[in-house]
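Fold and geometry: a report
Here is how the chains run, residue by residue.
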Protein chains: 2
Amino acid sequence: MSGFGFECTHTDGRARRGRLHTDHGVIETPVFMPVGTQATVKGLTPEQIRATGASMILANTYHLYLRPGHERIARLGGLHRFSTWDGAMLTDSGGFQVFSLGDLREIDDDGVSFRSHLDGSPHRFTPEHAMDVQAALGADVVMAFDECPALPAADEDVARAVDRTVAWARRCRDHFGPRRRHEAGHQQALFGIVQGGLVASERARCAEALIELDLPGYAIGGLSVGESKDDMHRTSRSTAALLPADRPRYLMGVGYPEDIVAAVAGGVDMFDCVLPTRLARHGTLLTEAGRIHLRNARFAEDERPPDPACDCPVCRRFSRAYLRHLVVAGELLGMILGTVHNVTHYQRLMREIRDAIEAGRFEQLADRIGTRPTRAPAEA
Amino acid sequence: MSGFGFECTHTDGRARRGRLHTDHGVIETPVFMPVGTQATVKGLTPEQIRATGASMILANTYHLYLRPGHERIARLGGLHRFSTWDGAMLTDSGGFQVFSLGDLREIDDDGVSFRSHLDGSPHRFTPEHAMDVQAALGADVVMAFDECPALPAADEDVARAVDRTVAWARRCRDHFGPRRRHEAGHQQALFGIVQGGLVASERARCAEALIELDLPGYAIGGLSVGESKDDMHRTSRSTAALLPADRPRYLMGVGYPEDIVAAVAGGVDMFDCVLPTRLARHGTLLTEAGRIHLRNARFAEDERPPDPACDCPVCRRFSRAYLRHLVVAGELLGMILGTVHNVTHYQRLMREIRDAIEAGRFEQLADRIGTRPTRAPAEA
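Residues numbered from 1 in each chain as written. Chains lettered and ligands numbered in written order. Predicted model: local features only at pLDDT ≥ 70, side-chain atom pairs only at ≥ 80, totals over all residues.

A word on the sheet that holds strand 8 (residues 111–115) of chain B. Residues and elements named next belong to chain B. In spatial order, the strands read 7-8-9; together these 3 strands make up an open sheet with antiparallel pairing. Each end of this open sheet is capped by a strand with a single partner; those strands are strand 7 (105–108) and strand 9 (122–125). With strand direction ignored, the average angle separating the axes of adjacent strands in the sheet is 15 degrees. As defined by bridge partners, strand 7 adjoins strand 8 across 4 bridges and the pair is classed as antiparallel. If you follow Glu106 over to strand 8, its bridge partner there is Ser113. (Pairing = 2+ DSSP bridges. Helix = DSSP H or I, 4+ residues; strand = E, 2+ residues; numbered from the N terminus. Axes fitted to C-alpha atoms, helices over the stretch in contact; angles between N-to-C directions.)

The subject of this paragraph is the environment of Gly18 of chain B. Residue and element names in this part refer to chain B. Looking at the secondary structure, you find Gly18 in strand 2 (residues 15–22). Judged by C-beta crowding, with 22 C-beta atoms within 10 Å, Gly18 ranks as buried. For the pair formed by Gly18 and Val31, sequence separation is 13 residues and the distance between their alpha carbons is 9.4 Å. Those residues in contact with Gly18, other than ones at most four positions away along the chain, are Phe6, Glu7, Cys8, Thr9, Thr29 and Asp269. (Buried ≥ 20, exposed ≤ 12 C-beta atoms within 10 Å, placed from the backbone. Contact = placed C-beta atoms within 7 Å.)

Working note: regular strand, side chains alternate between the two faces of the sheet. Residue and element names in this part refer to chain A. The two faces of strand 6 (residues 88–91) match: Ala88 and Leu90 on one face and Met89 and Thr91 on the other face are all buried. Of the strand pairs in this sheet, strand 5 (residues 56–59) and strand 6 are connected by 4 bridges, and their pairing is parallel. Residue pairing for strand 6: Ile57 is matched across the bridge by Met89. Sheet topology note: the strand 6/strand 10 (residues 141–143) ladder contains 2 bridges and is parallel. Within strand 10, the residue paired with Leu90 across the bridge is Val141.

A word on the interface of chain B and chain A. Each side of the interface is counted separately: chain B has 30 residues, and chain A has 30 residues. Contributing elements (two or more residues each) for the side of chain B that touches chain A: helix 3 (70–75), helix 4 (79–83), helix 13 (320–328) and helix 14 (332–358) of chain B. A per-element tally of the side of chain B that touches chain A places helix 13 of chain B first, with 5 residues. Counted by class, the side of chain B that touches chain A contains 15 nonpolar, 7 polar and 8 charged residues. (Nonpolar A, V, L, I, M, F, W, Y, C, P; charged D, E, K, R; others polar.)

What follows is the structure, given as structure tokens:
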């Protein structure tokens, strides 16, 4: 096991084609990580996840800390062994979920006290504790504990969040190290998270301070939290430009295909989002011609595959009519098949992005994706 | 496509080893059919169903008639094409579900009027209509429309149900024929259902009248509806003995492994039951050492496979600890993996039964299964 590393193999404008080296495989970037909140990408077996083309998944520290517990997962050999997912994994810091608890949490300069959404029990995360939890979980990439203010936010709140995020990132690095070897033998690498809301000077101040910590990778946090698409695209692009070229850049929690393409254009390498999995569970499929809502009566006798342009196991076998029946009847298989399709759709998008960067034709792809209808014409 | 047939290849006592020939494959008997109520075995893809060893599944006429509708399924080419299950299928007549509606239905000599459990809309099934619906669905085996009284029942109610069941079976055969070719090319075979509650003379009267109709197969209905295990075993055994040796015998809706073994000992060839799939969705797994309830805290750090004696894809890969986490966290994957395991468990039981009959050692197997604990010792 040779540890974590990143290489950029091609550039096309500011878009980058590269590789993350992890002890659980080489990850071709730009990469999209499906979300497996509770150590499972909802409804998919590890084989099915692999078959979508996914090589790296995300799990949520907050959820796993509460249930089944990080110490329990550590005793069971860490997340990889526990879930049997042998690809790469990333855990978030728990911060975003904790801050999302609203009235159930209280932030101070040392950390966050919160109550469990499951049973109301009291808990506290500090930077050190967030690192201990992630060390126990054992993902290949772990995230520094940060403060993520909801937008819109007052400038002073943004500045205070940057102060804390920087101070906490230092404490995370001091406690965990930039890299750490997990008991199972693989290396865990710490990423810092750039906050700063939509304030360019705060983003710059945060990035500069984190770069001093010389971490193995950097994330752009605090976006897709209430701002406009334009603000999101502009900020992800300008923040990516502040980050060192030899480290991977990860835009957290984003997003729609057009958001991903916009961020890749700005030099981002890594993405995660619940969108493909959550939409699937609600009966919405992503296709090359836009989104289709399977509950729509016009699919009731539609024998075409969900996406005629897709070669996933679902589109090769099942009709829209059958999938619609499953969704309307509330059947598990509807959620499962939708998830397989949507995650495969995202993985194909990422492959197209990587191929386009290698071939020096990313701009054409970006034009196509950027203008791709988000709804099929007939759905409008 | 050569149509439906049955051959008995081995006997051991009254137990029979045989083959159902269908236009969707040869079915080795005794066979267990997983239940796919809404044209899906809940949570499993057709490939996963096949991988359990299942060759024939059951779908429920009542549910599919209501949603998505039998005429719609007919326009989509029938159940096989609609669901993409290319193995054999059986549909029940809808009668059992309709009678289970209680206050929502009213029976007369001509049929049953009922209200949909989905939206309260009024509907009526007659023998002819039940056949039309099943002809549209297109299963390889279809069931005559019968009256199934809940037990305990007064003798006069049992006798009246037998009268109706016989009269309705004749109407079903007159309307559908004993066999019928579906538009997709395959043959559909009609089975009669022997009712008669726990009254031996009524069972005999019903069987005799149905045998006169010379149907391709016969089912034993009206059991597992409130009677004792002893009554169920005695009645299934005595009823099987009344049925012609050259036709398959199907015990409907039964049951636990020991019930299946007891019925095979009496000469039954076919079974269906929601037990393995429903138990799995509630976190209960069937193992060679008895049932285990995954919610039990003692499995929280148990790294053993669900059933060390099982070679299913779940037991080869996942720990009890991970499955327990999925079940406790309400994750879809817990239901899916539990279903794969439980259905495989049943299919292995059926293979053991078939092998034992071929080898002339069914009695030893029956002794072992009959005395197999239904709960693991530590669960008691």
